[in-house]
Amino acid sequence: MQNSERGFTTEMKEVRTRFAPSPTGFMHVGNLRTALYEYLIARSLNGKFVLRIEDTDRERLVPGAENVIYDTLKQVGMTHDEGPDVGGPYGPYVQSQRKDIYLPYAQELVKNGKAYYCFCTKERLDSLSQADAFGGYDRHCRDLPQEEVDKLLQQGVPYVIRQKMPVTGATSFTDAVYGEITIENTELEDQILIKSDGYPTYNFANVIDDHLMHITHVVRGCEYLTSTPKYNLLYEAFGWEVPTYVHLPMIMGRNEDGSVSKLSKRHGATGFADLVSDGYLPQAIINYIALLGWCSKDNREVFTLQELEAHFSIDGISKSQSVFDYDKLTWLNGEYLRAMSPEAFTSLAMPGYRQVFPQTELDWALLSSILQPRVTKLNQIPDMIGFFKELPAYSAELFINKKSKTNLENSAVMLEAAIPVLEQLDTWTVECIHDALLALPEQLGVKNGTLLWPVRIAAAGMTVTPGGAIEILAILGKEEALRRLRAGLAKLKAENKE
RNA sequence: GGCUCGUUCGUCAAGUGGUUAAGACACCGCCCUUUCACGGCGGGUUCACGGGUUCGAAUCCCGUACGAGUCACCA
């Protein structure tokens with residue numbers, strides 16, 4: 001190779017990370033965060049981000065599930081430099097298409113005495129684990145005589161290939177997040193490398209592929225922390241360079257009793273697609289999960305993906321698990337919604353609008369102007385605007401409001417004053433309604449709220465509404481607005497008579 | 001149970017021997033105001049516990065407790 005000719009190569013090796021999901025058809029936010037950090041490490045270090053599909057578990061294959069992975073990455077804007085769909089120099093990028101690569105490597109290990117054939121039956125293994133709840137494989141086949149092995153192989157007895165772990169000593173490695181980790185070798189089981197169906201196990205395929213794909217930073221959840229020595233022993237057995245490990249703290253969910261456990265369905269939406277259909281924006285989701293377990297040097301919290309690429313660094317990753325906080329995600333989502341252009345907001349909100357008004361045309365821009373500062377999740381929209389379509393049945397009690405100094409009597413007076421003024425309006429716009437209505441309180445000697453409270457109640461039938469009385473009247477249109485006001489007045493009169 | 005890791009406000013977190021222990025979300029109060037929201041201002045005995053080391057410890061060491069992970073022909 002050219003490299004050796006240069007003698008001393010001081011140039012930095014290109015950073016390469018990989019996202020290696022299994023196509024299960026579901027993108028858990030924990031997985032997404034792992035992908036995000038892998039992506040950010042690569043981008044922040046001018047490296048490459050590769051996508052590899054790990055489908056070696058043939059029993060759990062979900063057809064078409066790969067698309068969920070592509071769609072998710074696309075929606076959040078994480079682009080991969082290499083992968084099944086875009087190709088690259090180290091393909092194929094789907095493990096099932098690499099099936100034939102692994103066995104020779106395992107056989108090489110067998111030849112070098114680092115691995116061995118194991119012919120144990122499922123039944124024998126099961127009886128083993130029953131005998132001792134926390135036992136492991138008893139290394140029954142580890143020292144089978146060669147001729148015995150050859151015989152069984154020849155007979156076609158099913159086998160697996162297991163890694164031969166050292167029985168004494170300890171294995172240490174340094175993790176970029178957790179520091180130095182040491183595990184006694186006696187803790188390490190002779191793990192299976194090649195399954196009896198000929199496919200490699202996840203652990204084995206991972207090491208082979210990461211090496212073949214020149215991955216420099218192995219980023220994954222910290223559930224792999226204690227099995228990392230097994231990986232390193234494999235790298236060493238092959239004489240390969242061990243990558244930098246970046247283990248990530250777990251994302252937890254809060255249980256009803258206050259305890260925490262690994263984030264799962266019972267805590268709420270945990271899939272990217274679920275969050276999106278709950279009304280969260282992909283950018284907000286990404287921004288939020290970036291913050292779960294990582295903190296910027298300057299403590300900033302709101303970041304676009306591009307900004308994250310510039311700010312991310314491994315030493316900002318935390319060691320301790322964090323609880324997924326839907327409240328904060330919701331807040332962040334609201335920030336994104338508010339930061340949008342009115343047009344962008346309207347087009348995002350339109351499905352919600354159409355859910356309530358499939359045919360009708362409204363002043364969408366005006367509707368958006370009152371909704372945009374208030375919506376924190378897109379799926380709140382239908383509920384928020386339902387009253388425009390149909391006036392809810394409401395109690396006259398709603399007209400009574402201490403702060404606005406309204407009661408059943410003066411509310412009737414206010415509506416009685418407002419209705420004729422509004423009837424005379426030729427142009428039904430926020431501005432005209434505003435001017436017409438706000439001339440009244442002064443004439444009547446009351447504060448604005450005293451007039452506007454009953455108007456809003458009559459127009460909306462609810463105490464809490466997006467927007468004020470004037471906007472609501474404008475959106476309703478003159479005819480419907482006046483109909484509601486008159487109905488409100490009638491209600492008050494009926495009430496006052498009693 | 002063995003092993004590994006972790007523990008700063010309810011939550012996310014800054015902090016690397018000397019700070020009045022930041023900030024954000026949530027919560028509460030006030031202001032703004034046409035309700036709500038937005039925005040502004042303010043509020044809360046937060047360093048798990050116990051021992052050390054040190055003039056001085058959230059920061060270093062040891063133990064305890066609690067939490068999590070792991071111990072598959074799953075990934």
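Fair warning: this is a prediction, and the values are worked out from it, not measured in the lab.

A. Structural context of the environment of Phe387. Counting through the fold element by element, Phe387 comes out in helix α15 (residues 381-389). For the pair Phe387 and Thr465, spaced 78 residues apart in sequence, the C-alpha to C-alpha distance is 8.9 Å.

B. Structural view of the protein's contact with RNA strand B. Near RNA strand B lie 58 residues; those nearest to it are Ser22, Glu301, Arg374, Gly467 and Ile470. Of what RNA strand B places within 4 Å of the protein, 64% of the atoms are sugar or phosphate. Within the side chain of Arg254, one N or O atom sits 3.4 Å away from a phosphate oxygen of RNA strand B. Contacts to RNA strand B include Thr463, whose backbone N or O atom sits 3.1 Å from a sugar or linking oxygen. Among the elements of the structure, β6 (179-184), β10 (251-254), β11 (260-262), β12 (322-323), α12 (326-339), α19 (448-460) and α20 (469-476) are those that each provide at least two residues to the surface near RNA strand B.

C. Representation of the pairing of β6 within the structure. In this sheet, β6 lies alongside strand β5 (residues 170-175) in antiparallel orientation, the contact comprising 6 bridges. Across the sheet, residue Ala170 finds its bridge partner in β6, namely Glu184. Where β5 folds back on β6, the antiparallel hairpin that results is connected by 3 residues.

D. Main features of the sheet that holds β11. Ordered in space as β11-β10-β12, the 3 strands form an open sheet in which the pairing is mixed. Each end of this open sheet is capped by a strand with a single partner; those strands are β11 and β12. Sheet topology note: the β10/β12 ladder contains 2 bridges and is parallel. What sits directly across from Ile251, in β12, is Ser322.

E. Representation of helix α16 (residues 408-423). The terminal C-alpha atoms of α16 lie 23 Å apart, and with 16 residues this matches the ideal 22 Å at 1.5 Å per residue to within 8%. For α16, the complete set of buried residues consists of Leu408, Asn410, Ser411, Ala412, Met414, Leu415, Ala417, Ala418, Ile419 and Leu422. The elements touched by buried residues of α16 are α17 (430-438), α18 (440-444), α19, α20 and α21 (478-497). For α16, the capping residue at the N-terminal end is Asn407, with a side-chain oxygen 3.0 Å from the backbone nitrogen of Glu409.

F. Just the packing of helix α13 (residues 342-356) against helix α14 (residues 364-371), in detail. Interhelical geometry of α13 versus α14 gives an angle of 100 degrees and a closest axis separation of 10 Å. As summarised for this structure, α13 and α14 are arranged roughly perpendicular, according to the angle between their axes. In contact with Phe345, Thr346, Met350, Tyr353 and Arg354 of α13, α14 contributes Trp364, Leu367, Ser368 and Leu371.

G. Seen up close, the pattern of salt bridges. By the definition in use, this model includes 20 salt bridges. Its salt-bridge partner being Lys48, residue Glu14 comes within 3.2 Å of it at the nearest N-O pair. Of this pair, Glu14 sits in the loop between α1 (2-5) and β1 (16-19) while Lys48 sits in strand β2 (residues 48-51), and the two are 34 residues apart along the sequence. Since its relative accessible area comes to 29%, Lys48 is described here as partly exposed. Salt-bridge contacts for Glu54 lead to Arg52; the nearest nitrogen and oxygen are separated by 2.8 Å. The exposure classification of Glu54 matches that of Arg52, with both residues buried.

H. Examining α12 more closely. Taking 1.5 Å of rise per residue, the 14 residues of α12 would be expected to cover 20 Å, and the 20 Å separating its terminal C-alpha atoms lies within 8% of that figure. Within the sequence span of α12, burial applies to Leu329, Thr330, Leu332, Asn333, Gly334, Tyr336 and Leu337. In this fold, the buried residues of α12 make contact with α9 (272-277), α10 (282-291) and α13. Two to three positions downstream of the cap, the backbone nitrogen of Asp327 sits 3.0 Å from a side-chain oxygen, assigning the N-cap of α12 to Asp325.

I. Expanded view of the layout of surface pockets. Each pocket or cavity is described by its volume, and for the largest pocket that value is around 870 Å³. If you trace the largest pocket, you find 37 residues lining it, with Pro21, Ser22, Asn31, Glu223 and Tyr224 closest to the centre. Where the lining of the largest pocket is concerned, the elements lending two or more residues are β1, α2 (29-44), α3 (66-76) and β8 (217-221). No other element matches the 5 residues that α2 contributes to the lining of the largest pocket. In terms of residue class, the lining of the largest pocket is made up of 17 nonpolar, 9 polar and 11 charged.

J. The pairing of β8, seen in detail. Of all the 5 residues making up β8, 5 are buried; the element is thus mostly covered by neighbouring parts of the structure. This β-α-β element, β8 to helix α8 (residues 228-238) to strand β9 (residues 244-248), shows right-handed connectivity.

K. Expanded view of the sheet that holds strand β7 (residues 192-194). Taken in spatial order, the 3 strands of this open sheet run β3-β4-β7, and their pairing is antiparallel. Only two strands of the sheet have a single partner each, and these edge strands are β3 (115-118) and β7. Strand-to-strand twist of the sheet, defined as the mean angle between neighbouring strand axes without regard to direction, takes the value 40 degrees. Pairing between strand β4 (residues 160-163) and β7: 2 bridges, direction antiparallel. Across the sheet, the residue bridging to Ile161 is Ile194, located in β7. Of the strands in this sheet, β3, β4 and β7 are in contact with helix α4 (residues 99-111), which crosses β3 at around 105 degrees.

L. Structural context of the state of the cysteines. Tallying each qualifying case throughout the model produces 0 disulfides. Cys141 supplies the cysteine sulfur nearest to Cys120, a cysteine that is in no disulfide, at a spacing of 3.5 Å. Between Cys222, a cysteine without a disulfide, and Cys295, which holds the nearest cysteine sulfur, the sulfur-to-sulfur distance is 19 Å.

M. Looking closely at the environment of Ala35. Mapped onto the elements of the fold, Ala35 is located in helix α2. For Ala35, a relative accessible area of 0% translates into the label buried. Along the primary structure Ala35 and Leu153 are separated by 118 residues, whereas in three dimensions their C-alpha atoms are 41 Å apart. Those residues in contact with Ala35 that sit more than four places away from it in its chain are Phe19, Phe49 and Met78.

Cut-off values and rules
- Residues numbered from 1 in each chain as written.
- Chains lettered and ligands numbered in written order.
- Predicted model: local features only at pLDDT ≥ 70, side-chain atom pairs only at ≥ 80, totals over all residues.
- Heavy atoms only, no water.
- Helix = DSSP H or I, 4+ residues; strand = E, 2+ residues; numbered from the N terminus.
- Near = heavy atom within 4 Å.
- Polar contact = N/O pair within 3.5 Å; in protein donor to acceptor, adjacent residues only side chain to side chain.
- Pairing = 2+ DSSP bridges.
- Expected span 1.5 Å × (residues − 1).
- Buried < 20%, exposed > 50% of the residue type's maximum accessible area, 1.4 Å probe, protein only.
- Contact = heavy atoms within 4.5 Å.
- Axes fitted to C-alpha atoms, helices over the stretch in contact; angles between N-to-C directions.
- Parallel < 35°, antiparallel > 145°, perpendicular 65-115°, else oblique.
- Salt bridge = Lys/Arg side-chain N within 4 Å of Asp/Glu carboxyl O.
- 1 Å grid on protein atoms, 1.4 Å probe; cavity = no way out; pocket = protein on both sides within 12 Å on 5 of 7 lines; lining within 4 Å.
- Points joined across faces, edges and corners; volume = space filled by probe spheres on them.
- Nonpolar A, V, L, I, M, F, W, Y, C, P; charged D, E, K, R; others polar.
- Right-handed = clockwise from strand over helix to strand, strands pointing away.
- Disulfide = S-S within 2.5 Å.

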